[in-house]
Amino acid sequence: MPRSIAFREALREAMSEEMRRDDRVFLMGEEVAEYNGAYKVSQGMLDEFGPRRIIDTPIAELGFAAVGVGAAQNGLRPIVEFMTWNFAVLALDQILNTASKMLAMSGGQISCPIVFRGGNGSAGQLGAQHSTAFEALYANIPGIKVVSPSNGYDAKGLLKQAIRYEEDPVMFMESELMYGDKSEIPDEEYYIELGKADVKKPGTDVTIVSFNKMMKVALGAAAELEKENISAEVIDLRSIRPLDWMTILESVKKTNRLVIVEEQWPFGSVSSEISYRIQKEGFDYLDAPIRRITAADAPLHYAPNLVAAALPDVPRTVKLVKEVMYLRK
């Protein structure tokens, strides 16, 4: 029977199951051990696996990222938790110049099977320096993969896949606002292949594409549109790199319209890449221009009214869908 568990518990199960299976897997990061994780994702794991495999680190992202990268290149399979991806910019040298490039620089001799994970994007009133969404930034780096799940079921399957099977570095981007969300998780073991989008809601009139917590906006908009007899197909990317644009294209061939909802800044965003791919391969299927709704092109402020104004929401998404359908009411 499926169990209803929180997003954080799904992540914990994924890590624990893989650590029981393979003693090369270990978790390191700030407060992951004694404190049970800043968001309690690793709660109880120190008791089960001990301090050699659940490792508290100093507040030094570049340092412990380097330790993880070195361990991965020497045969281990580390999971490195960043308390927030906003702090991971301090470790970017290791991610960009070492982890992502070593396979190419070593002529295919040295891989780097490492998972970097943690909270990403806005999380309420945390201010500009703790509220950036980083999917597009990391997706611009060849040699790494970027995962951004919207629910606990997908998160568990994708994280297990990343830990067990991926030989490339994986950037696993969660959301602090989703750690308490419940999902139905089966008892049997499962894995979800990276690079496969998922149609969360079939539809015929318009395609809405999103990922991570903006899926709540996309599905909320679809529910509102349904009340007006507008059938929206909602696609969850799940994986940003590799990007499953073919699933989007097949949907657009059916609906002839595309709206993208994301938390990124607009310039050079995930929606920019999707828009290019779909207009290139599916221009003849489009009955309206591709439209998108993103975060405001500015740092995210602290005040709640400004946060609300800056991020996508259901009413503006509904309005955008009506525009691509040439419904002005």
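Just above sits the structure.
Residues numbered from 1 in each chain as written. Predicted model: local features only at pLDDT ≥ 70, side-chain atom pairs only at ≥ 80, totals over all residues. Heavy atoms only, no water.

Chemist: So, the overall build of the protein chain: which residues are in play, and what are the values?
Modeler: Each helix and strand in the protein chain was counted, giving twelve helices and 14 strands. Computed over the C-alpha atoms, the radius of gyration of the protein chain is 20 Å, within 12% of the 20 Å expected from 2.2 N^0.38 for a compact globule of 329 residues. Here the C-alpha coordinates of the protein chain stretch approximately 60 × 45 × 40 Å along the principal axes. Residue burial in the protein chain is summarised as follows: out of 329 residues, 57% are buried. Of the contacts made within the protein chain by residues no fewer than 6 positions apart, 81% connect residues no fewer than 24 positions apart. Accessible surface, the protein chain: about 13,900 Å² in total, of which carbon and sulfur atoms supply 54%. (Helix = DSSP H or I, 4+ residues; strand = E, 2+ residues; numbered from the N terminus. Rg over C-alpha atoms; globule rule 2.2 N^0.38 Å. Buried < 20%, exposed > 50% of the residue type's maximum accessible area, 1.4 Å probe, protein only. Contact = heavy atoms within 4.5 Å. Areas by Shrake-Rupley, 256 points an atom, 1.4 Å probe, with all protein chains shown as cover.)

Chemist: Give me the packing of aromatic side chains: which residues, what numbers.
Modeler: Evaluated as defined, the whole model comprises nine aromatic pairs. Cluster of aromatic residues (ring-pair linked, three or more members): Phe 64, Phe 82, Trp 85, Phe 116, Phe 134 and Tyr 138. Lying over the aromatic face of Tyr 35, Lys 40 brings its terminal NZ or CZ to 3.6 Å of the ring centre. (Phe/Tyr/Trp six-rings, centres within 6.5 Å; stacked < 30°, edge-to-face > 60°. Lys NZ or Arg CZ within 6 Å of the ring centre and 35° of its normal.)

Chemist: Kindly report on the environment of Val 234, identifying the contributing residues and their values.
Modeler: If you trace the backbone, Val 234 turns up in strand S11 (residues 232–236). C-alpha of Val 234 to C-alpha of Ala 221: the two residues are 13 residues apart in sequence and 9.6 Å apart in space. For Val 234, the contacting residues outside a window of four places in its chain are Asp 198, Val 199, Lys 200, Lys 201, Ile 208, Met 215, Ala 218, Leu 219 and Ala 222.

Chemist: Give a detailed account of the nonpolar core, specifying residues and quantitative values.
Modeler: Membership of the largest hydrophobic core comes to 44 residues, with the highest contact counts inside it found for Phe 82, Trp 85, Phe 116, Tyr 138 and Ile 274. Per-element accounting of this core gives the leading share, five residues, to helix H3 (residues 61–73). Here Phe 116 is in contact with Ala 65, Val 69, Val 80, Phe 82, Trp 85, Ile 95, Val 170, Met 171 and Phe 172, once residues within four sequence places are set aside. Ala 14, Val 170, Phe 172 and Ile 192 belong to the second-largest nonpolar core, a separate cluster that totals 32 residues. (Core = buried A, V, L, I, M, F, W, Y, C linked by side-chain atoms within 4.5 Å.)

Chemist: Now, about the pattern of salt bridges: what can you tell me, with residues and values included?
Modeler: Where charged atoms of side chains with opposite charge meet at close range, the side chains can pair. Counted according to the given criterion, the structure contains 30 salt bridges. Lys 145 serves as the salt-bridge partner of Glu 166, at 2.5 Å between the closest nitrogen and oxygen. In this pair, Glu 166 is assigned in the loop between helix H7 (152–165) and strand S7 (170–174) and Lys 145 in strand S6 (residues 145–147), connecting sequence segments 21 residues apart. Like Lys 145, Glu 166 is buried. Between Asp 154 and Arg 238 there is a salt bridge, and its shortest N-O distance comes to 3.3 Å. A residue pair is termed long-range when its members are at least 10 positions apart, and Asp 154 in helix H7 and Arg 238 in the loop between S11 and strand S12 (239–241) qualify at 84 residues. As far as burial versus exposure is concerned, Asp 154 and Arg 238 are alike and both buried. (Salt bridge = Lys/Arg side-chain N within 4 Å of Asp/Glu carboxyl O.)

Chemist: Give me the sheet that holds S6: which residues, what numbers.
Modeler: Spatially, seven strands are ordered S3-S2-S4-S5-S7-S6-S12 in an open sheet, and the strand pairing comes out mixed. Unpaired on one side and paired on the other, strand S3 (54–56) and S12 mark the two borders of the sheet. With direction set aside, neighbouring strand axes in the sheet form an average angle of 20°. Sheet analysis places S6 next to S7, joined by three bridges and oriented parallel. Looking at S7, one finds that Val 146 is bridged to Met 171. Set on the sheet, H3 makes contact with strand S2 (25–29), strand S4 (77–84) and strand S5 (115–119); between it and S4 the angle comes to about 160°. (Pairing = 2+ DSSP bridges. Axes fitted to C-alpha atoms, helices over the stretch in contact; angles between N-to-C directions.)

Chemist: Lay out the sheet that holds strand S14 (residues 291–293) with the relevant residues and their values.
Modeler: Spatially, S9-S11-S10-S13-S14 is the arrangement adopted by the five strands of the open sheet, whose pairing is mixed. Single-partner strands in this sheet number two, and they are strand S9 (198–201) and S14. Going across the sheet, the axis of each strand differs from the next one's by a mean of 25°, ignoring polarity. Note: strand S13 (residues 258–261) against S14, three bridges, orientation parallel. Residue pairing in the sheet places Ile 260 in a bridge with Arg 292 of S14.

Chemist: A description of unusual backbone geometry should follow, citing residues and the corresponding values.
Modeler: A cis amide bond, omega 0°, links Arg 241 with the succeeding residue Pro 242. Of note in this structure, Asn 229 is not a glycine but carries a positive phi near 60°. As for its position among the elements, Asn 229 is in the loop between helix H8 (214–226) and S11.

Chemist: Residue-level account of the packing of helix H1 (residues 7–21) against H7, with values.
Modeler: Running from N to C, H1 and H7 point in directions that differ by 25°, and their axes come no closer than 8 Å. What the angle tells us is that H1 and H7 run roughly parallel. Two packed elements cross with a definite hand, and for H1 against H7 that hand is right-handed. Between H1 and H7, the residues in contact are Phe 7, Ala 10, Leu 11, Glu 13, Ala 14, Met 15, Glu 17, Glu 18 and Arg 21 and Gly 152, Ala 155, Lys 156, Leu 159, Lys 160, Ile 163 and Arg 164, respectively. For the contact of H1 with H7, the residue count by class is eight nonpolar, one polar and seven charged. (Parallel < 35°, antiparallel > 145°, perpendicular 65-115°, else oblique. Left-handed = near helix turned anticlockwise from the far one by under 90°. Nonpolar A, V, L, I, M, F, W, Y, C, P; charged D, E, K, R; others polar.)

Chemist: Residue-level account of helix H10 (residues 270–282), with values.
Modeler: Along its 13 residues, H10 runs 17 Å from first to last C-alpha, staying within 8% of the 18 Å computed at 1.5 Å per residue. Buried positions along H10 lie against helix H6 (135–139), strand S10 (206–210), S12, helix H9 (245–255), S13 and S14. (Expected span 1.5 Å × (residues − 1).)

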